[in-house]
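Okay, here's what each chain looks like letter by letter:
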Amino acid sequence: MGVNDFVIERVWGLQVLDSRGNPTVKAYVKLAGGSLGWGIAPSGASRGEREAVELRDGGSKWRGKGVSRAVSILNTVVAPRLEGVDARRQAQIDRLLIELDGTPNKSRLGGNTTTALSIAVSRAAAAQAGLELFQYLGGAGARRLPIPLLNVINGGVHAGNELDFQEFMIIPYGFESFTEAMRAAVETYGELRSLLKDRYGASAVNVGDEGGFAPPMRSAEEALKTLVEAVEKAGYQPGSEIALGIDAAASQLYSNGRYSVEGKSLSREELLSLYQRLVEQYPIVYLEDPFSEDDYEGFKAAVDALSTETIIVGDDLLVTNPQRVKEASTLKAVTGLLVKVNQVGTLTEALEAIQAARDRGIVHIVSHRSGDTEDTFIADLAVATEALMIKTGAPARGERTSKYNRLLEIESILGYSAAYAGPELRGVIGRR
């Protein structure tokens, strides 16, 4: 294999569809040695204000969500600048994309363009090196499978019910392997389906954007109680084998200093009291975006009150931004970072955010988006970076199961050398 084999020979893109039927960008990178890499940008419904901007066409076609302008920029502006560059120089290529864009939020090229390209470059280089993507990104020591976070009851902007909190998750951590954890999750998901159908009727098992059910529930406690019941019916121990998680997506509930939750207008202190009560009553070990994206004080209060029992995770607060991670760490406002490559726009910047978190004792969780695709990149990224967890929806819908199937495949590839992150959760939180 020659050095020149890694030189980028051709770059191009096209418009494809995400899991909501909306257009998105797919990028291809072909190397001189013959290898082809590709990447598809996902899209979120609940987005932080500081996320990289998606470049969309507007107008009437595709309901304004077309990406033909982004694809044109990729093909005519970006492609000529990448051709001839060594694909192994990921950081250099991503910096070039940042410089070509020249804005603080990727609004010229589009974060959807830069994300797809950045992923495609890494996949092409891995293929040319003859390595699995997780091995190329993480090295020979990449062998730990993350704990899956499965969003099995949807609320908020992900569903059409009255649940204000956006996601209720099961977390199968008390197992020896990723495969066993997934088996327990699938069995619990099946029991949950039966419970909901019997209790609320057939329409309750229609699924939301991330494959979770969207039953006509009204309170977080109703959802959590039902999850505990489903875990027990599946034959597992709530708390010691399967824990629970909440993504409150509180920015969606915030207005003028108050949070609208379950028909009440709550202060920061009152909302924190609600979280404390729920954590006391249910085996919750994961709490994401408990307060709005600018409410550092609220996040710090959550860490002070709950971090020995629950990981306090920043998504909209941190937007996978290294500087935001550092700021939040200084304020002791989070114990967990949610990683979404398209939030920041390039793989290099996402890796920098992960490193900033690691340096400060903050765990990281690799995440999908609600409008996702068949691209399994985040499964490899989670293993490569030794993420404690991966958040990629319910065990339903192809854009979700493709990630789980890739992780099952990676565990098979690793064989006896594979490890599972489940036991490490006990070291992250104190009580459970």
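Residues numbered from 1 in each chain as written. Predicted model: local features only at pLDDT ≥ 70, side-chain atom pairs only at ≥ 80, totals over all residues. Heavy atoms only, no water.

Structural notes on the domain arrangement of the protein chain
The assigned domain composition of the protein chain is domain 1 (7-130) and domain 2 (144-428). With 34 residues of domain 1 at the contact, the number on the domain 2 side is 33 residues. Approximately 2,600 Å² of surface area, both sides summed, lies buried where domain 1 meets domain 2, with 46% of it carried by carbon and sulfur atoms. At the boundary of domain 1 and domain 2, one finds 7 salt bridges. A salt bridge links glutamate 293 to arginine 50; its shortest N-O distance comes to 3.9 Å. Taken together, the links from domain 1 to domain 2 amount to 21 residue pairs in polar contact (both at pLDDT 80 or more). Contributing elements (two or more residues each) for the side of domain 1 that touches domain 2: strand E3 (36-40), helix H2 (90-101) and helix H3 (111-129). Looking at the side of domain 1 that touches domain 2 element by element, the count peaks at 7 residues for H3. Residues that form the side of domain 1 that touches domain 2 fall into these classes: 10 nonpolar, 13 polar and 11 charged. (Domains from an automatic or database assignment. Contact = heavy atoms within 4.5 Å. Buried area = accessible area lost by both parts, 1.4 Å probe. Salt bridge = Lys/Arg side-chain N within 4 Å of Asp/Glu carboxyl O. Polar contact = N/O pair within 3.5 Å; in protein donor to acceptor, adjacent residues only side chain to side chain. Helix = DSSP H or I, 4+ residues; strand = E, 2+ residues; numbered from the N terminus. Nonpolar A, V, L, I, M, F, W, Y, C, P; charged D, E, K, R; others polar.)

Remarks on the UniProt feature "binding site: substrate" (unreviewed entry) in the protein chain
The positions that UniProt labels "binding site: substrate" (unreviewed entry) are, in the present scheme, His158, Glu167, Glu288, Asp315, Ser367, His368, Arg369, Ser370 and Lys391. From this annotated list, the subset lining the largest cavity comprises Ser367, His368 and Arg369. Along the chain, aspartate 315 falls in the loop between strand E12 (311-314) and helix H9 (322-330). Residue class for aspartate 315 comes out buried when judged on its relative accessible area of 3%. Among the structural elements, serine 367 can be located in strand E14 (residues 363-367). Sequence-distant contacts of serine 367, defined by excluding residues within four places in its chain, comprise Leu338, Val339, Lys340, Ile378 and Lys391. (UniProt positions renumbered as here; feature names shortened; annotations may be inferred. 1 Å grid on protein atoms, 1.4 Å probe; cavity = no way out; pocket = protein on both sides within 12 Å on 5 of 7 lines; lining within 4 Å. Buried < 20%, exposed > 50% of the residue type's maximum accessible area, 1.4 Å probe, protein only.)

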